[in-house]
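If you want the building blocks of each chain, they are given just below.
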Amino acid sequence: MSAAIAVEDLAFTYPGEHHPVFDGLNVTIEGGERVALLGPNGSGKTTLALHLNGLLRAQRGRIVASGLILSDDTLAEIRRRVGLVFQDPNDQLFMHRVRDDVAFGPANLGLDDTEIARRVDQALDNVGAAQLADQAPHHLSGGERRRAAVASVLSMNPEILVLDEPTSGIDPLGRHELADLLTSLPQTQLVVTHDLPFALATCARALVLDEGKIVVDLKTEALLDDSDLLARHRLALPFGYHS
Amino acid sequence: MTSPTAFGHQHLHVHGTSPIHRLAPEAKLLGLLGFVITVAVTPRQWLITFAIDATVLLGVFVVARLKARLVLGRLAAILPFVAFAFLFPFVGDGETTSVLGFSLSTDGLWASWNVLAKATLGAAASILVTATTPIPELLAGLSRLRVPAAVVAIIGFMFRYLDLMVDEFGRMRRAMAARAYNPRWLWQSRPVASSAGALFVRTYERGERVHDAMAARGFAGAMPTLSEASATRSDWLLAAVPSLAAVAGLTIVGLT
């Protein structure tokens, strides 16, 4: 069986820029793994996340998601398999009711109304947000909004979840609840974050992306134990923590 | 995170269980359109017709159990437009009438009345509909009335993101005020203009991100329709009552 995600020799430069974000990036994530993707601002974490679901397209190399090579023909199926949770839930929740947002993905898949309703209930139930179904997104707290955003991709039955900075805008207790949620989900996960304790709580493996290259691939514990390595890539534990 | 704002649409809808609240949104929208058109075509001197229209709205208001303060407060939104109409009696020519010692144009007075009466009736009717219908239902109603999906989507996005934009503008204004910016005169308006520009760019960028998030969930250009129960015959009939009454008012005065 092939890896859940394989990024092979990826090269990408934003239009109008000279400096490439990636020039020969390789990443492999096995099925069922939860992997933290760390790195300083501007290292390309979000750019990589956008590639995994085909929102940005490789200029060289290829993306393989559960055995399927990303191309125009497989784009729709890849977007079903790889669920992308955006950094700002307000970007993701664009409808007036949480239920409609969670139904948006399945409706795009062309499912019938009963199946959509079933998926919506199940997805909201999975994130512990069944009671939010008829709420308006702007009435929710940061943590509730994040749950709703996760539900809005879970309803597509993805095999892989990619979460971009999932702890931003969430209070400390909300972070704990989110960590519990992520560890309870069966999907392969790539968690893009600056939040090292959160990475430790959710992911056994950690990658550090710096200047478009994976420079560290270690057990999360081992990375957090190495303060020199962290400092070299502008990463740091919160005050009061020690390696 | 989002604080309630004066412009926030979340306050438009007032929870209730009245028959008006329960009417299907598409029926209410069509009823509103019929009523407003009838009011708009009513000749300005047909006072009895306007009285009938106002009575009908009063009836809807009572059945919907809305608060008078709420409706009157929202009605204040038309004041800037109506204020402009009050210039007509002073600038109109032809016959004049003496009011409180002023010599005013009769035609201008009628023109003011025309704007005042129609704007008040039209706005009040719209307020009654928006106060009794949640935004998602209004949008569903529009799409069931075959309004093009793109137009419905644009209206939906506007309502969804209006609060965020207003909040963002509020934060920018506070950030300026915190640095002792207190504009009073036109030549101090530059920072306001440039923050409007910044807001435009931010909104544009948000639009791109929202579109990305939609594309990530398989959006390929067509909004999926989420079907729901639609209007029954009695909904249509009930929602047509104000329009029919207004048309009747028009006919009665027209015939006598």
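Conventions and cut-offs
Residues numbered from 1 in each chain as written. Chains lettered and ligands numbered in written order. Predicted model: local features only at pLDDT ≥ 70, side-chain atom pairs only at ≥ 80, totals over all residues. Heavy atoms only, no water. Helix = DSSP H or I, 4+ residues; strand = E, 2+ residues; numbered from the N terminus. Rg over C-alpha atoms; globule rule 2.2 N^0.38 Å. Buried < 20%, exposed > 50% of the residue type's maximum accessible area, 1.4 Å probe, protein only. Areas by Shrake-Rupley, 256 points an atom, 1.4 Å probe, with all protein chains shown as cover. Lys, Arg positive; Asp, Glu negative; His and termini not counted. Charge placed at Lys NZ, Arg CZ, Asp CG, Glu CD. Contact = heavy atoms within 4.5 Å. Buried area = accessible area lost by both parts, 1.4 Å probe. Salt bridge = Lys/Arg side-chain N within 4 Å of Asp/Glu carboxyl O. Polar contact = N/O pair within 3.5 Å; in protein donor to acceptor, adjacent residues only side chain to side chain. Nonpolar A, V, L, I, M, F, W, Y, C, P; charged D, E, K, R; others polar. 1 Å grid on protein atoms, 1.4 Å probe; cavity = no way out; pocket = protein on both sides within 12 Å on 5 of 7 lines; lining within 4 Å. Points joined across faces, edges and corners; volume = space filled by probe spheres on them. Pairing = 2+ DSSP bridges. Axes fitted to C-alpha atoms, helices over the stretch in contact; angles between N-to-C directions.

Caption draft 1: Main features of the overall build of chain A. Per the secondary structure count, chain A includes 10 helices and 10 strands. For chain A, whose C-alpha radius of gyration is 18 Å, the value lies close to the compact-globule estimate of 18 Å for 243 residues. Taking the principal axes of the C-alpha coordinates as reference, chain A spans close to 50 × 45 × 40 Å. Put simply, chain A has 243 residues, and 58% of those count as buried. A total of about 10300 Å² of accessible surface is found on chain A, and carbon and sulfur atoms cover 49% of it. For chain A, the distance from the average position of its 21 positive side-chain charges to the average position of its 34 negative side-chain charges is 2 Å.

Caption draft 2: Seen up close, the overall build of chain B. Helix and strand content of chain B: 11 helices and 2 strands. For chain B, the α and β elements follow one another from N to C terminus as α-α-α-α-α-α-β-β-α-α-α-α-α. Judged by the C-alpha coordinates and their principal axes, chain B covers about 65 × 55 × 30 Å. Buried residues in chain B amount to 37% of all 256 residues. Sequence-distant contacts in chain B: of pairs separated by 6 or more residues, those separated by 24 or more amount to 74%. As presented, chain B carries roughly 15300 Å² of accessible surface, and 69% of it is formed by carbon and sulfur atoms. In chain B, 22 side chains carry a positive charge and 14 a negative one; their mean positions are 8 Å apart.

Caption draft 3: Layout of the interface of chain B and chain A. Residue-level contacts link 31 residues of chain B with 29 residues of chain A. Interface of chain B and chain A: buried area, both sides summed, is about 2600 Å²; carbon and sulfur atoms make up 56% of it. At the surface where chain B touches chain A, the tally comes to 4 salt bridges. At the junction of chain B with chain A, the criterion picks out 13 residue pairs in polar contact (both at pLDDT 80 or more). Breaking the side of chain B that touches chain A down by element, the ones donating at least two residues are α8 (135–144), α9 (149–177) and α10 (190–216) of chain B. Here the residues of the side of chain B that touches chain A sort into 18 nonpolar, 6 polar and 7 charged.

Caption draft 4: Local environment of helix α1 (residues 45–52) of chain A. Residue and element names in this part refer to chain A. Within α1, 7 of the 8 residues are buried, which leaves it mostly tucked inside the rest of the structure. When we look at burial in α1, the residues that qualify are K45, T47, L48, A49, L50, H51 and L52. Phi turns positive one or two residues past the end of α1, at G54, with a value near 80 degrees.

Caption draft 5: Structural context of the pattern of salt bridges. Per the counting criterion, the structure on display carries 23 salt bridges over all chains. D91(A) serves as the salt-bridge partner of R206(B), at 2.7 Å between the closest nitrogen and oxygen. Linking R206(B) in helix α10 with D91(A) in helix α3 (residues 89–92), this pair reaches from one chain into another. Classification of R206(B) by relative accessible area gives buried; the value is 14%. With a closest N to O distance of 3.2 Å, D134(A) and R99(A) form a salt bridge. With D134(A) in the loop between α5 (113–126) and α6 (142–154) and R99(A) in helix α4 (residues 98–108), this residue pair connects regions lying 35 residues apart in the sequence. Three or more residues are tied together by salt bridges with common partners; here these are E77(A), R80(A), R81(A) and E159(A).

Caption draft 6: The arrangement of empty space enclosed by the protein in detail. Residues and elements named next belong to chain A. Considering all chains together, one arrives at 1 cavity of 30 Å³ or more under this definition. One number sums up the size of the largest cavity: a volume of about 40 Å³. Lining of the largest cavity is provided by G143, R146, R147, I170, G174, E177 and L178. Elements with a contribution of two residues or more to the lining of the largest cavity: α6 and α7 (172–184). Looking at the lining of the largest cavity residue by residue, the classes come out as 2 nonpolar, 2 polar and 3 charged.

Caption draft 7: Fine view of the sheet that holds strand β9 (residues 205–210) of chain A. Residue and element names in this part refer to chain A. The sheet built from 6 strands is open, its strands ordered β6-β7-β8-β3-β9-β10 with mixed pairing. Edge positions in the open sheet fall to β6 (82–85) and β10 (213–219), since each of these has one partner strand only. Along the sheet, successive strands turn relative to each other by an average axial angle of 20 degrees, direction set aside. Pairing of β9 with β10, which is carried by 6 bridges, proceeds in the antiparallel orientation. What sits directly across from D210, in β10, is K213. Packing against the sheet, α6 makes contact with β6 and β7 (160–164), and its axis sits at approximately 160 degrees to β6.

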